[in-house]
Amino acid sequence: MKQAHRNWILTLLLAILFSTGQAQETLPYIADGLLDSTHIETLGLRVCPAVTTVTIFSPTDETMHYANGVVMTAFKNTLFCMWQCSQTDEDAPETSVVMSKSTDEGHTWSHPVVIAAANDSCYYTSGGWISTTDTLVAFINTWPKRLQPIGGFTQYIISTNGDNWSKPKPVRMNDGQVMNGVIEQDPYAIACGRIIGAVHFQPGLHIVPVYTDSPTGLNGWKRAYFTGHDRGKQSRELEPSLYQRHDSTLVMIFRDQAGSFRKIASISSDHGETWTEPMITNIPDARVKQSAGNLPDGTAYLVGNPTGAKRRWPLVALLSKDGCCFDKAILLRAGGSDLQPQRYPGKAKTLGYSYPKSMVHHGKLYIAYATNKEDVEYTTVDLNTLE
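Caption draft 1: Representation of the overall build of the protein within the structure. What the protein contains, in helices and strands, is one helix and 27 strands. Here the protein has a C-alpha radius of gyration of 21 Å; the compact-globule value for 387 residues is 21 Å, and the two agree. With the principal axes as the frame, the protein shows a C-alpha extent of 75 × 50 × 40 Å. In the protein, buried positions account for 55% of the 387 residues. Partitioning the intrachain contacts of the protein with sequence separation of at least 6 by distance along the chain shows that 52% fall at a separation of at least 24. Accessible surface for the protein amounts to roughly 17,100 Å². Of this, 53% is attributable to carbon and sulfur atoms. If you average the places of the 34 positive and of the 37 negative side-chain charges in the protein, the two averages end up 6 Å apart.

Caption draft 2: Quick look at the pairing of strand E27 (residues 375-382). Judged by how many residues are buried, E27 sits mostly within the fold: seven of eight residues are covered. Where strand E2 (residues 51-57) lies against E27, six bridges are found, and the strand directions are antiparallel. Counterpart to Thr53 in the pairing with E27 is Thr379. In the sheet, strand E26 (residues 364-371) pairs with E27 via eight bridges, with the strands oriented antiparallel. Looking across to E27, one finds that Lys364 is bridged to Asp382. Linkage of E26 to E27, two consecutive antiparallel strands, is achieved through a turn of three residues, within which Asn372 is found at a positive phi near 60 degrees.

Caption draft 3: Geometry of unusual backbone geometry. Between Gln148 and the following residue, Pro149, the backbone shows a cis peptide bond with an omega angle of -5 degrees. On the secondary structure map, Pro149 appears in the loop between strand E8 (136-144) and strand E9 (153-159). The linkage connecting Trp313 with the following residue, Pro314, adopts the cis geometry, with an omega of 0 degrees. For Pro314, the location among the structural elements is in the loop between strand E21 (300-304) and strand E22 (315-320). Residues other than glycine seldom take positive phi values, yet Lys76 does so here, at roughly 50 degrees. With respect to the helices and strands, the residue Lys76 is situated in the loop between strand E3 (66-75) and strand E4 (78-86). By relative accessible area, Lys76 is classed as partly exposed at 46%. One non-glycine residue with positive phi stands out, namely Asn77, at about 65 degrees. Note on placement: Asn77 falls in the loop between E3 and E4.

Caption draft 4: Seen up close, the packing of aromatic side chains. One pass over the structure, following the stated rule, counts ten aromatic pairs. With a centroid separation of 6.4 Å and 40 degrees between ring planes, the pair formed by Trp129 and Trp165 is classed as tilted. Remark: Trp165 occurs in the loop between E9 and strand E10 (169-170) and Trp129 occurs in strand E7 (residues 122-131); sequence separation between them is 36 residues. For the pair Phe226 and Phe254, a centre-to-centre distance of 5.7 Å together with 25 degrees between the ring planes defines the contact as stacked. Taken together, the residues Phe226 in the loop between strand E15 (222-223) and strand E16 (237-244) and Phe254 in strand E17 (residues 250-256) connect sequence positions 28 residues apart. Exposure remark for Phe254: the relative accessible area of 0% places this residue in the buried category. Just above the ring of Trp313 sits the side chain of Arg311; from NZ or CZ to the centre is 6.0 Å.

Caption draft 5: Representation of the sheet that holds E2 within the structure. Pairing in this open sheet of four strands is antiparallel, and the strands run E2-E27-E26-E25 from one edge to the other. Bordering the open sheet on either side are E2 and strand E25 (353-361), each of which pairs with just one other strand. Averaged over all adjacent pairs, the angle separating strand axes in this sheet is 25 degrees, with direction ignored.

Caption draft 6: Geometry of the state of the cysteines. All chains considered together, the criterion is met by zero disulfides. Here Cys85 is not disulfide-linked; the sulfur of Cys81 is the nearest cysteine sulfur, at 12 Å. Relative accessible area serves as the criterion here: at 9%, Cys85 is assigned to the buried category. With no disulfide of its own, Cys324 has Cys325 as its nearest cysteine by sulfur position, at a separation of 8.4 Å. On the basis of relative accessibility, which here comes to 19%, the residue Cys324 falls in the buried class.

Caption draft 7: Representation of the side chain of Thr95. The residue Thr95 is located in the loop between E4 and strand E5 (96-102) in this model. In terms of polar contacts, Thr95 uses its side chain to reach the backbone carbonyl oxygen of Ala92, at 2.7 Å. With residues up to four places along the chain from it excluded, the contact list for Thr95 reads Gln84, Cys85, Ser86, Ala118, Tyr123, Tyr124 and Thr125.

Caption draft 8: Structural context of the nonpolar core. Judged by nonpolar contacts, the single largest core of 22 residues is most densely connected at Leu35, Tyr243, Leu302, Val316, Leu318, Phe326 and Ala329. Taken together, the elements giving at least two residues each to this core come down to E17, strand E18 (262-268), strand E19 (279-284), E21, E22 and strand E24 (328-333). Val51, Ala317, Tyr369 and Leu383 belong to the second largest nonpolar core, which has 19 residues in total.

Caption draft 9: Expanded view of the pattern of salt bridges. Enumeration over the complete set of coordinates arrives at 16 salt bridges. Note that Glu90 and Lys373 form a salt bridge whose closest N and O atoms lie 2.6 Å from each other. In this pair, Glu90 sits in the loop between E4 and E5 while Lys373 sits in the loop between E26 and E27, placing the two residues 283 residues apart along the sequence. Between Asp338 and Arg333 there is a salt bridge, and its shortest N-O distance comes to 3.3 Å. By relative accessible area, which is 31% here, Asp338 ends up partly exposed. Residue classification places Arg333 among the buried residues on the basis of a relative accessible area of 4%. A network of salt bridges, in which partner residues are shared, links Glu184, Asp186, Lys289 and Lys357.

About the thresholds
Along each chain, numbering runs from 1 in the same order as the chain's sequence is written. Reporting in this predicted model follows two pLDDT cut-offs: at least 70 for local features of residues, and 80 or more for side-chain atom pairs to be given and counted; totals over whole chains, interfaces and linings ignore these cut-offs and use all residues. Side-chain figures throughout are based on the complete set of non-hydrogen atoms in the structure, without hydrogens or water. Put simply, DSSP marks the helices as runs of H or I at least four residues long and the strands as runs of E at least two long, and each gets a number from the N terminus on. The globule rule is 2.2 Å times the number of residues to the power 0.38, and the radius of gyration it is compared with is taken over C-alpha atoms. Only protein chains enter the accessibility calculation, which uses a 1.4 Å probe. A residue is then buried if its area is under 20% of the maximum for its type, exposed if over 50%, and partly exposed in between. Whether two residues touch is decided by their heavy atoms; if any such pair falls within 4.5 Å, the residues are in contact. In these tables, accessible area is a Shrake-Rupley quantity obtained with a 1.4 Å probe, and a residue counts as shielded only by the protein chains included in the view. None of His or the chain ends enter the tally, which takes Lys and Arg as positive and Asp and Glu as negative. To locate a charge, take atom NZ for lysine, CZ for arginine, CG for aspartate or CD for glutamate. A pair of strands is labelled paired if DSSP reports no fewer than 2 bridges between them. Any two of the Phe, Tyr and Trp rings considered here, Trp counted by its six-membered ring, make a pair once their centres fall within 6.5 Å; the pair's planes then place it as stacked at under 30 degrees, edge-to-face at over 60, or tilted in between. Working rule: Lys NZ or Arg CZ, within 6 Å of ring centre, within 35 degrees of ring normal, means a charge sits over the ring. Axis definition: a line fitted to C-alpha atoms, limited for helices to the stretch in contact. Angles are taken between N-to-C directions and run from 0 to 180 degrees. To count as a disulfide, a pair of cysteine sulfur atoms needs to be within 2.5 Å. Polar contacts, as counted here, are pairs of nitrogen or oxygen atoms within 3.5 Å of one another; within protein the pair requires one atom able to donate a hydrogen and one able to accept it, and residues that are adjacent in sequence qualify only if both atoms are side-chain atoms. Buried Ala, Val, Leu, Ile, Met, Phe, Trp, Tyr and Cys residues that are joined via side-chain atoms within 4.5 Å together make up what is termed a nonpolar core. Only one rule defines a salt bridge in this text: a Lys or Arg side-chain nitrogen within 4 Å of an Asp or Glu carboxyl oxygen.

This is how it looks when you write it as structure tokens:
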């Protein structure tokens, strides 16, 4: 029995090692020497001449002072940007969602208008966009103020012109039930038309990848098979984004709430229906939200703050031709003189470039973010000038 027990343990260990090795072979990783953490302001990267930054909104004494969750999209030759705002603090009771738009390719932007106003029972945060030929969908993450543990659900509003919006309605799962969680801000459409995303489900914030074959994402969402790491009121893995490899494999990248200051990744080879156990990569992180995606030639990109420390600057785009090895980096925004001073302090108003979200539009990569959680800005990279 003892020998049999030892053999069983050895077999189990070998199986674990083998499966771990297989998973690690598919995990994304960053090339050695690509970033130099001794250069705090730039990570050793040079300014790229293909990069341009635009400010959509800056606070004044007469406006709200907090902004975050900046997300852009394009619809009918117009650029749209949504974000959440409050007077001073993060997740304050008055937190609402506003929108601005540009009809001249981002040179000028309209005054922000409220598209989801906080009320006595709920406050709202930005949930991102889905844009089709004739319909613009804005997802609104809805947070009941008295709900414990903290969590929410997802609503939507739709427009055919970007000016007139429907009343909010709940996003629904495949069984018709309300999506009882808040949606991550960059749902990803794959070649077959399926939309892949992730939702932080109640109770609390427990992440699960989701997918739907509805072109507008208003309904039909299904939970994928996924085993995350629970930390009580929330998952260890939070705020994911994803990209696709040339072989159609999907890679979902997570923030690690356990504080490894490394990105976590999970893989799907069946169009988002099942995912591997999430594992830590060697890609450094500031324990923040990121944005991933693909350029028109299939190159995978990952935008964030790859500092390996609790510091949200610089803002960098990592690039990978094969979706495995990220061996090129573009400096989008540096620290030092490139990072403007914060003008209005508040609760959780972290310095730096927070929560980037991205899109590809007219030959450019657009990265939207909140600087010092008060300035709403975006940076573009002209893809035609990249090597």
